[in-house]
Amino acid sequence: MSQAAGKILIVDDKPMMRDSIAATLQRAGFGVVAAGDGNTALKLLSRHRPWAVITDLKMPEMDGLELLRRLRSADDQLPVILMTAYGSIDTAVDAMRAGAFDFIQKPFEGQHLVMTLRRATEHYRLVQENAALRSDQDEQGRQPALVGQSPAMRQLAAQIQRIGQSQGTVLICGESGTGKEVVARTLHAHSTRRDRVMLCLNCAALSGSLLESELFGHERGAFTGADSLRKGRFELADGGTLLLDEISEIDVNLQAKLLRVLQERQFERVGSSNTMQVDVRVVATTNRDLAACAAAGTFRQDLYYRLNVLPLHLPPLRDRIEDIPLLAEHFLNKVALREGREPRRFDEQAMALLQRYVWPGNVRELQNICERAAVLSREQVIGASLIEPWLGPVQALGQQGGGNGTGAGGHFVGAAGGASAMAVTPAGAAGAPEVPGAASVGRTGLAPLMPSRPVAVGPWHGGASKAQPGAAATAVEPADGDPPTLEQIERRQIVRTLEHYGGNRRRTAEALGIGLRTLGLKLKRWKEQQLVAPTL
């Protein structure tokens, strides 16, 4: 079947007429499916999802007008063309009032029928794309831009090229802010579905019931407030790609329904018993260890294996510092294009500062810093003095010994001790919290040295160092015992930043380069698990 031409449902009680129309449409490049009566046509509708229907007007049991009404009830955007040998003005008017796309009187020329159906399918395609654009306006406006020349990014680009040609489900893993959505859009742009729609849905942003309706749609009257039929993302993305962002946040009960769609490519709208067939490539993203979640019972193991068909892993920004100059230039150019002015650039000292920072917020944090600098800088060249106070609101990385230092603030790596880190406070920041045991380092003590492994933030259970009672933040070096998990590091950093801003969640989220809702969801989960203070 020609994907551009679409599929046509032919309904006529006369086999010779059905076969004749089918042969004409197939020669024109359409896919066809045929039914001998209205009830059969309604059953085929959900299974085959045609782009248009052509039906005879005079049929036993259910005539064309009644079928038209039922088709419009199931899908009010589906073009329906009526044909009859008993044409009259009154019949045509009734058909148009009932929502028919066009009316053809027998006998008709095959070319006339083909042209009418081409107009109908093109209309349906535009309606579907417009609905998809309205549902995902912000995401659709973005263009994929995979920036970086580091070995890790070159390997990732090669993987995207290979995986893009497949139809398999993709699971993209990586820390928050590493650019998982950009990778997903790049993947779609390199796929065979690039000319079809790509929709995105943030699974963490909606409750279980709302998320089910967003994914699968609902019938009119399915629940309180369902005043009209609504198509879900799977239905709107038919033939294209659906990105499920933060898939680990999906309710366990809803995971079973998602598993069925991935396995069978079938689902039902909420409040409907009609099974619908779809052709959608699913790309999922997560910043969690889904294998660990599956082992802990918080994520279905069978769903994890169904998602983890073609895995992609995004390295954190701290592991590809050679990409920072390219990323910074890219973000500064984007701001300049938006503001309609010449792009700014960082001087050597500022760029060296950016490359010594650990970037807990990853690429998203770098983007925020670049935009802030481009807007606030009075000069064409951005100096280090402007961005120093922004690189980390609290000190979190340190090496043993020494007193408290004043310097560039944030998560920097020191020259002494190889992979050891130093903790410094924002220059001139009034009331900045002190770090017991932090190395005393001045502005010139920052060395462009990155650790060979992720730098640990704060003490961990089993280590030699323990947090002092009442200390706002304690930075330690790895000692004997198990190192902290990524979630433990993340939790400690978020709590410290929140304490630094006096509990202000908005300022905390902006400083860390994460969404306010994402921050709220993390704190809620940690409170339920009694991992943080209930007053946060």
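Quick notes on the rules
- Residues numbered from 1 in each chain as written.
- Predicted model: local features only at pLDDT ≥ 70, side-chain atom pairs only at ≥ 80, totals over all residues.
- Heavy atoms only, no water.
- Helix = DSSP H or I, 4+ residues; strand = E, 2+ residues; numbered from the N terminus.
- Expected span 1.5 Å × (residues − 1).
- Buried < 20%, exposed > 50% of the residue type's maximum accessible area, 1.4 Å probe, protein only.
- Arc of directions from axis to C-beta.
- Contact = heavy atoms within 4.5 Å.
- Pairing = 2+ DSSP bridges.
- Salt bridge = Lys/Arg side-chain N within 4 Å of Asp/Glu carboxyl O.
- Core = buried A, V, L, I, M, F, W, Y, C linked by side-chain atoms within 4.5 Å.
- Axes fitted to C-alpha atoms, helices over the stretch in contact; angles between N-to-C directions.
- Parallel < 35°, antiparallel > 145°, perpendicular 65-115°, else oblique.
- Left-handed = near helix turned anticlockwise from the far one by under 90°.
- Nonpolar A, V, L, I, M, F, W, Y, C, P; charged D, E, K, R; others polar.

(A) The arrangement of helix H7 (residues 151-164) in detail. Given a rise of 1.5 Å per residue, 14 residues ought to cover 20 Å, and the 20 Å separating the end C-alpha atoms of H7 matches this to within 8%. Every buried residue of H7 is accounted for by Met-153, Leu-156, Ile-160, Ile-163 and Gly-164. The buried side chains of H7 occupy one side of the element, clustering within an arc of 90 degrees when seen end-on. Exposed residues lying more than 90 degrees from the buried face of H7 are Gln-155 and Arg-162. Along its buried surface, H7 packs onto strand E6 (170-173), helix H8 (180-189), strand E13 (281-286) and strand E14 (310-313).

(B) Here's a closer look at the pairing of E6. Two strands pair when backbone bridges link them, and E6 and E13 are joined in this way by four bridges, in the parallel orientation. Bridge assignment links Ile-172 to a residue of E13, and that residue is Thr-285. As paired strands, E6 and E14 are joined by four bridges and run parallel to one another. The partner of Ile-172 across the bridge, within E14, is Leu-312.

(C) Structural detail: the pattern of salt bridges. Evaluation of the coordinates by the stated rule reveals 26 salt bridges. Here Asp-279 makes a salt bridge to Arg-193, at a shortest N to O gap of 2.7 Å. Of this pair, Asp-279 sits in the loop between strand E12 (275-277) and E13 while Arg-193 sits in the loop between H8 and strand E7 (198-202), and the two are 86 residues apart along the sequence. Of the charged contacts, one joins Glu-487 and Arg-525 as a salt bridge, the two residues approaching to 3.7 Å between their closest N and O atoms. On the criterion of sequence distance, the pair formed by Glu-487 in helix H18 (residues 486-500) and Arg-525 in helix H20 (residues 516-528) is long-range, its members being 38 residues apart. Look at the salt bridges and you will find they share partners, linking Arg-49, Glu-219, Glu-235, Asp-238 and Arg-269 into a network.

(D) Representation of the nonpolar core. Core analysis: the biggest nonpolar cluster contains 33 residues, and Leu-215, Phe-234, Leu-244, Ile-247 and Leu-258 have the highest contact counts within it. Looking at this core, the elements with two or more residues in it are E7, helix H9 (208-216), helix H10 (233-236), strand E10 (241-245), helix H11 (252-264), E13, helix H12 (290-296) and helix H13 (301-307). For Leu-258, the residues in contact, after removing those within four places along its chain, are Phe-216, Phe-234, Leu-244, Ile-247, Ile-250 and Leu-303. Counting 26 residues, the second largest nonpolar core, distinct from the first, contains Phe-331, Phe-346, Ile-387 and Trp-390.

(E) View of the pairing of E10. In terms of burial, E10 is largely enclosed, as four of its five residues are buried. Note: E7 against E10, five bridges, orientation parallel. Its bridge partner being in E10, Met-198 is matched across the sheet by Thr-241. The sheet contact formed by E10 and E13 spans four bridges and is parallel.

(F) Expanded view of the packing of helix H14 (residues 324-339) against helix H16 (residues 362-376). Running from N to C, H14 and H16 cross one another at 50 degrees; their axes reach a closest spacing of 9 Å. Put simply, H14 runs oblique to H16. Viewed along their axes, H14 and H16 form a crossing whose handedness is right-handed. For the pair H14 and H16, the contacting residues are Ile-324, Leu-327, Ala-328, Phe-331, Leu-332, Lys-334, Val-335 and Arg-338 in the first and Val-363, Leu-366, Gln-367, Cys-370, Glu-371, Ala-374 and Val-375 in the second. Considered class by class, the residues forming the contact of H14 with H16 number eleven nonpolar, one polar and three charged.

(G) Inspection of H8 at higher detail. Counting buried residues along H8, seven of its ten residues qualify, which places the element largely inside the surrounding structure. Considered for burial, the residues of H8 that qualify are Lys-180, Val-183, Ala-184, Arg-185, Thr-186, Leu-187 and His-188.

(H) How the structure looks around the sheet that holds strand E4 (residues 80-84). If you walk across this open sheet you meet the five strands as E2-E1-E3-E4-E5, and the pairing is parallel. Only two strands of the sheet have a single partner each, and these edge strands are strand E2 (31-35) and strand E5 (102-105). Each adjacent strand pair in this sheet contributes to an overall mean axis angle of 20 degrees, direction not counted. Both strand E3 (residues 52-56) and E4 contribute to a ladder of four bridges, which runs parallel. By the bridge assignment, Val-53 is partnered in E4 with Val-80. Running at roughly 145 degrees to E2, helix H2 (residues 38-48) makes contact with strand E1 (7-11) and E2 of the sheet.

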